[in-house]
Amino acid sequence: MYYKARELALNNNQTYHLAAILYRNGKPVRIATNSSKTHPSAYRTYPDGVSSAGLHAEMSVLRFAREGDDLEVIRFTKTGRVTMAKPCCYCQRMIKAKKIRRTRYTDWNGEWQELE
């Protein structure tokens, strides 16, 4: 699963190469990457007044989430090294709203951390 997530993330034509994997009952059901596509559920306004509706990998995959699902978020550098993928505050709100049971993300060292 991680090889597919890596391949998709590194070929997403975005600045950040993130992949989010949604699991249901321990089985992967959807993979998504960052995208310049927009979606109303992704609309947000930043403190400086700028707004965006571009889909983060987490936002994209969470459109298909059910309560109790699990989520993993992984980020790759251009060279394929695993690095920090902690979801932003907007994604964290969406994760909470979808009642995701467990969210894991990679830290700067490529180690898995759990979102509190």
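Residues numbered from 1 in each chain as written. Predicted model: local features only at pLDDT ≥ 70, side-chain atom pairs only at ≥ 80, totals over all residues. Heavy atoms only, no water.

## Observations concerning the pairing of strand β7 (residues 70-76)
Looking along a regular strand, one sees the side chains alternate between the two faces of the sheet. β7 sits mainly inside the fold: six of its seven residues count as buried. Where strand β1 (residues 17-24) meets β7, seven bridges bridge the pair, whose relative direction is antiparallel. Bridge pairing in β7 links alanine 19 to isoleucine 74. Bridge count for β7 against strand β9 (residues 102-106) is four bridges, and the pairing is parallel. The residue of β9 that forms the bridge with leucine 71 is threonine 103. For β7 and strand β8 (residues 82-83), the ladder comprises two bridges, and the chain directions are antiparallel. The residue of β8 that forms the bridge with arginine 75 is threonine 83. (Buried < 20%, exposed > 50% of the residue type's maximum accessible area, 1.4 Å probe, protein only. Helix = DSSP H or I, 4+ residues; strand = E, 2+ residues; numbered from the N terminus. Pairing = 2+ DSSP bridges.)

## Notes on the environment of aspartate 107
Examined against the element boundaries, aspartate 107 turns out to sit in the loop between β9 and β10 (112-114). Note: C-alpha distance between aspartate 107 and asparagine 25 (82 residues apart in sequence) is 25 Å. Beyond its immediate stretch of four places on either side in the chain, aspartate 107 contacts Thr83, Met84 and Gln113. (Contact = heavy atoms within 4.5 Å.)

## Remarks on unusual backbone geometry
Positioned with a positive phi, asparagine 13 is a non-glycine residue whose angle comes to about 55°. For asparagine 13, the position within the fold is in the loop between α1 (2-10) and β1. A relative accessible area of 76% places asparagine 13 in the exposed class. Here the phi dihedral of asparagine 25 falls at roughly 55°; this positive angle occurs in a residue that is not glycine. Looking at the secondary structure, you find asparagine 25 in the loop between β1 and β2 (27-33).

## Examining the pattern of salt bridges
One pass over the full model with this rule turns up four salt bridges. Between arginine 24 and aspartate 69 there is a salt bridge, with the nearest N and O atoms lying 2.8 Å from each other. One end of the pair, arginine 24, is in strand β1; the other, aspartate 69, is in the loop between α2 (57-62) and β7, and 45 residues separate them in sequence. Aspartate 69 shares its class with arginine 24; the two are buried. (Salt bridge = Lys/Arg side-chain N within 4 Å of Asp/Glu carboxyl O.)

## Here we look at the side chain of asparagine 34
Looking at the element boundaries, asparagine 34 is found in the loop between β2 and β3 (35-38). On the accessibility criterion, asparagine 34 (12% relative accessible area) is buried. In terms of polar contacts, asparagine 34 uses its side chain to reach the backbone amide nitrogen of alanine 57, at 2.9 Å. The contacts of asparagine 34, once residues within four sequence positions are left out, are Asn12, Gln14, Tyr16, Leu18, Leu55, His56 and Ala57. (Polar contact = N/O pair within 3.5 Å; in protein donor to acceptor, adjacent residues only side chain to side chain.)

Bear in mind that shape data such as this cannot, by itself, settle questions of function.
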